[in-house]
Amino acid sequence: MENKITLGIIFGGVSSEHDISCISAKGIISNLDFNKYNVVLLGITKQGKWYIFNDDINLLPEDKWLTSKSLIPAFISPDADIHGIVTSRGEIIRLDAVFPVLHGKNGEDGTIQGLFQLAQIPFVGCDATSSGVCMDKAVTNAVADAFGIEQAKWCAINQYEYTENGDAMLDDAIEKLGFPIFVKPANAGSSVGISKAHNKDELVKAMEIALKEDKKAVLEEFIDGFEVECAVMGNNRPVAAEVGQIIAAAEFYDFDAKYNNPQSELHIPAEIPEEKRNQVREYAIKAYKALSCEGMARVDFFVTRDDGRVLLNEVNTIPGQTPISMYPKLFEAIGVPYSELIDRLISLALERGGKI
């Protein structure tokens, strides 16, 4: 087949979610139609070194790819004329599109999206502004408030404020939110650095944990509810897939419960009434539009046990693509196989084009 699309897939990254990214990349590559794409794999180490990787994709998990003799130092140039990769040998590889499979910081926060925008290369997913807004939970919450999207009560505390006046700020948060309080780094993913505090001593420890991951923490009231997720795809006319539900093995769906504990259960569709699932889908599209998302996002909600309110939890702009990840499974549930989903996401990137 002539006129194949030259697709760059970027994985790894300087992030606490580096290892998950490598597994997601393997998932995507395993489902690509190589009759349609010339694929160039670009790996970023935990230290921030970039390499072209051209070897067995089974080496991707656990960073075994770093042992490959195929590695060539290379990077994406911000120069729009180059429109792609420059290698250490001085070769230029022009890219038609990029699929960043980078979770968390330095991949999902608008940094690398800004590079693609400078290079004018079409890419899968949200632009730099939307990615940055969705990555920062405090900014996401502020935008949701502005658009009248209901969510848990919350407040944010940055490291400087906490150092200066932490005790008083925690007292204010306790008065506003009550216990238990969830404490999250404002910028991190895969539930990294999240704690549930039941008293002030635990709250102090939770702040320490969160502020190791980021310079700002978000504190939220505890919601007694079901955790549900909705996959959304599209540019101007986004569509919502099925709604899934997580039943965490741990007290809440932390990193370990998400990736290491086989007792965590995923239910597709979610075990809530159909009219409530439809409401979640409607709210997911509302949040997606409010946050200027494009391409794809997974929008997570709580549905309260007592009165069935649908509350926004967070928006994930590069959702996981591992074998247990919800995003592809939720589209499979409405009849979109994984390989077709990837084709559609790349088509959406090309439709938007490189000039944003």
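Colleague: Just to check I follow, could you spell out the overall build of the protein for this structure?
Modeller: Helix and strand content of the protein: 10 helices and 16 strands. On C-alpha atoms alone, the protein measures out to a radius of gyration of 20 Å, which is about the 21 Å that the 2.2 N^0.38 rule sets for 356 residues. In terms of overall dimensions, the protein has C-alpha extents of about 60 × 45 × 40 Å along its principal axes. With 356 residues in all, the protein has 57% of them scored as buried. Taking the intrachain contacts of the protein between residues at least 6 apart in sequence as the baseline, contacts between residues at least 24 apart amount to 65%. The averaged location of the 52 negative side-chain charges in the protein is 3 Å from the averaged location of its 34 positive side-chain charges.

Colleague: Teacher, can you tell me more about the side chain of H103 here?
Modeller: The topology assignment puts H103 in the loop between β7 (97–101) and α2 (111–119). Under the relative-accessibility criterion, H103 is labelled buried at 3%. Within polar-contact distance, the side chain of H103 engages the side chain of S24 at 2.9 Å. Once residues within four sequence positions are removed from consideration, H103 is found in contact with S15, E17, I20, S21, S24, E108, I318, P319, G320 and Q321.

Colleague: Is there a simple way to explain the packing of helix α5 (residues 159–177) against helix α6 (residues 200–213) in this structure?
Modeller: What describes two packed helices is the angle between their axes and the distance between those same axes. As a packed pair, α5 and α6 sit with axes 11 Å apart at the nearest point and diverge in direction by 145°. Here the hand of the crossing between α5 and α6 comes out right-handed. Contacts between α5 and α6 involve Q159, Y162, D167, L170, D171 and I174 from the first element and K200, L203, V204, M207 and L211 from the second. When the residues that make up the contact of α5 with α6 are grouped by side-chain class, the tally is 7 nonpolar, 1 polar and 3 charged.

Colleague: In this structure, what is going on with the pattern of salt bridges? I would like to understand it.
Modeller: A side chain of one charge can pair with a side chain of the opposite charge if their charged atoms are brought near each other. The tally for this structure, following the rule as stated, stands at 18 salt bridges. In this structure, K105 engages D214 in a salt bridge whose closest nitrogen and oxygen atoms are separated by 3.6 Å. Here K105 is found in the loop between β7 and α2, whereas its partner D214 is found in the loop between α6 and β11 (216–221), with 109 residues between them in sequence. For K105, a relative accessible area of 30% corresponds to the partly exposed category. Residue D214 is classed as buried on the basis of its relative accessible area of 9%. We note a salt bridge from E220 to K184, for which the minimum N-O separation is 3.0 Å. Of this pair, E220 sits in strand β11 while K184 is found in strand β9 (residues 181–185), placing the two residues 36 residues apart along the sequence. Judged on exposure class, the residue E220 and its partner K184 are both buried. Here the residues in one salt-bridge network are E150, D307 and R309, joined through shared partners.

Colleague: Explanation requested: the sheet that holds strand β5 (residues 84–87) in the structure shown.
Modeller: The sheet built from 7 strands is open, its strands ordered β6-β5-β4-β3-β2-β1-β7 with mixed pairing. Taken across any chain shown, the strands that pair with only one partner, and hence form the sheet edges, are β6 (92–94) and β7. The sheet shows a mean angle of 35° between the axes of neighbouring strands, direction not considered. Contacts between helix α10 (residues 338–352) and the sheet are confined to β1 (5–12), β2 (37–44) and β7, with β7 contributing the most and set at about 125° to the helix.

Analysis parameters
- Residues numbered from 1 in each chain as written.
- Predicted model: local features only at pLDDT ≥ 70, side-chain atom pairs only at ≥ 80, totals over all residues.
- Heavy atoms only, no water.
- Helix = DSSP H or I, 4+ residues; strand = E, 2+ residues; numbered from the N terminus.
- Rg over C-alpha atoms; globule rule 2.2 N^0.38 Å.
- Buried < 20%, exposed > 50% of the residue type's maximum accessible area, 1.4 Å probe, protein only.
- Contact = heavy atoms within 4.5 Å.
- Lys, Arg positive; Asp, Glu negative; His and termini not counted.
- Charge placed at Lys NZ, Arg CZ, Asp CG, Glu CD.
- Polar contact = N/O pair within 3.5 Å; in protein donor to acceptor, adjacent residues only side chain to side chain.
- Axes fitted to C-alpha atoms, helices over the stretch in contact; angles between N-to-C directions.
- Left-handed = near helix turned anticlockwise from the far one by under 90°.
- Nonpolar A, V, L, I, M, F, W, Y, C, P; charged D, E, K, R; others polar.
- Salt bridge = Lys/Arg side-chain N within 4 Å of Asp/Glu carboxyl O.
- Pairing = 2+ DSSP bridges.

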